[in-house]
Amino acid sequence: MQVQSIPLGSVTIGPESWRDGTVRSIRRAERLVRQTRAGRSGSCSRPRSCSADAGFTPKRTDDTAEITQDKITEEECKGSRDSICKNKMSRPQTTGAMLSLNGTQRTPVAPFPPSSLREQCAGASVAMASEYMRRVREVEGQLRRQAGRVTQEGIKLERERGHLERMLRSLRADLTVNRRSSEGRTRRPSTAEMERDGADYLLACERRRLAELKQDLEGALRNTLTQLQALGQSSRQLLNCASERARVLELLPHSGSAGGHGTAAHTFTKTDPVSPFTPECKQVLESSSLMVNQSQQLRENIRQMLTSAITRQKDAHRTVNDGLVKKIAETISLQQNLTLTSAATRQAMFRKQREINCIRHSHDRAQGPEYRGDILAREKLNRPLVQVYHRHPGTQLPEAAQLIQGSAVLRRCLMSSEGEVLRLQRACLHLLDNLHGKRAAAQVDAAVVRMRRQQVDKRAMPIFLQQGACRSQLPLSCVQ
């Protein structure tokens, strides 16, 4: 039911103050009624009759303002009434109405909850929770994908750690072989063969190089273990953050999991402690990315170190083996020379012995027989021919003096030859001793080389690392 103004007569009987007060009360009530209807249906009620304004002639300023406001409101109410009639609305709006201010902005006037407020609030809550869960699912997926990358990087780094340990075992075996090689070369029999030579120097260089490689690889292994612990801690932090984010995802279907391959990765930039992407998640993601980059760089360094270590290890081993083989060749060459020299010495000794026998036989013949009765008549100095020859003065035969001188010369030659034979015997014994020492030294060095070739396991490192080390030794043209 609409409130309508009753037109008043044009003739006034009562006082103006009494009438103006009544008119103000009526207009105030009508204005309140219009505001109430505007709050219900978004339009004002039936406008006041214009004749009501014509019968009044207020004289105060506030009454004039009220009349002007009533006119404006009446025009708006006419327009709104016409629009309502045209739209033929069968039921007024139950939401809060909006009034126009200055023709540009509408403000709610006396709103009240609709009958579907409960459903609207529930729908808004479901939409808000769904949107939040979807964003949280994206964050959880990003965390779990990053955790997967960290795990894969940890597996790759663990493989490199295995390669490092195998390389360290190979270096320890090489150090043991080096120590056994040095100890084996100390079993050379001769004192002269115990002097330090080039092979000992090569063994010392190999031991020093292997010790340096072992120290470097042990440092790399410590860094690898530290990096593995950091990767494990980063993976646990990522999974903990993902589990904490997944606490609100129990009601979502697993088919739409963010860990799926079809879900596009979303990059979150803004962080908020109460948003799906918290500062803790950002910090964990950034730290894990840094750990992955450090691990990749460490793997590259380890691969380079392994390749370089294999190359240096093979070079040192080959250098020592070549040096020992060269030393064996030199020893065998000296051994052959010693054999030839000792044979020549023995030949000279036998020849000198035959010469001594001849000299001794000549000396014995010059001395004559030991028994006087064995002297022949022609050998006696008082034989008749000599006695007759001595009858004249100054006729002395030199036979006796020549025999004495010849015996003395033969005696001196005999002593000299015996001395030479003794020296030849000592030289031959020295040559034989040296020959035995050289032969034993060559056998010891050959046993060391054989032991080194048997003890070194060529399969200690993966084939691709050995191939990479061999390829790095070849010139560029050969590789191409």
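A short tour of the structure in this document, coming up. Since we're looking at a predicted model, the values are computed, not measured.

**Considering the state of the cysteines**
Here is step 1: All told, the structure shown has zero disulfides when counted by the stated rule.
Here is step 2: The structure places no disulfide on Cys 241, whose sulfur is separated from the nearest cysteine sulfur, that of Cys 281, by 4.8 Å.

**A look at the packing of helix H4 (residues 117–185) against helix H5 (residues 198–245)**
Here is step 1: It is at 7 Å that the axes of H4 and H5 come closest, and there the two elements cross at 165 degrees. By the angle class used here, H4 and H5 are roughly antiparallel. For the element pair H4 and H5, the recorded crossing hand is left-handed.
Here is step 2: Here the contact of H4 with H5 is built from residues that sort into 27 nonpolar, eleven polar and 15 charged.

**Some points on the pattern of salt bridges**
Here is step 1: Applying the stated rule across the entire model yields 23 salt bridges.
Here is step 2: Of the charged contacts in the structure, one is a salt bridge between Lys 352 and Glu 420, with a shortest N-O distance of 2.6 Å. On the criterion of sequence distance, the pair formed by Lys 352 in helix H6 (residues 279–367) and Glu 420 in helix H8 (residues 399–455) is long-range, its members being 68 residues apart.

**Details of the environment of Val 150**
Here is step 1: Structurally, Val 150 can be placed in helix H4.
Here is step 2: Distance in space between the C-alpha atoms of Val 150 and Ser 289 is 8.2 Å, their sequence separation being 139 residues.
Here is step 3: Those residues in contact with Val 150 that lie beyond four places of it in its chain are Leu 231, Ser 234, Ser 235, Leu 238, Ser 288 and Val 292.

**With respect to the packing of H6 against H8**
Here is step 1: In the contact formed by H6 and H8, the axes pass within 6 Å of each other and the chain directions differ by 160 degrees. When the axes of H6 and H8 are compared, the pair comes out roughly antiparallel. Between H6 and H8 lies a crossing of left-handed hand.
Here is step 2: Grouping the constituent residues of the contact of H6 with H8 by class yields 28 nonpolar, 16 polar and 13 charged.

Conventions we followed
- Residues numbered from 1 in each chain as written.
- Predicted model: local features only at pLDDT ≥ 70, side-chain atom pairs only at ≥ 80, totals over all residues.
- Heavy atoms only, no water.
- Disulfide = S-S within 2.5 Å.
- Axes fitted to C-alpha atoms, helices over the stretch in contact; angles between N-to-C directions.
- Helix = DSSP H or I, 4+ residues; strand = E, 2+ residues; numbered from the N terminus.
- Parallel < 35°, antiparallel > 145°, perpendicular 65-115°, else oblique.
- Left-handed = near helix turned anticlockwise from the far one by under 90°.
- Nonpolar A, V, L, I, M, F, W, Y, C, P; charged D, E, K, R; others polar.
- Salt bridge = Lys/Arg side-chain N within 4 Å of Asp/Glu carboxyl O.
- Contact = heavy atoms within 4.5 Å.

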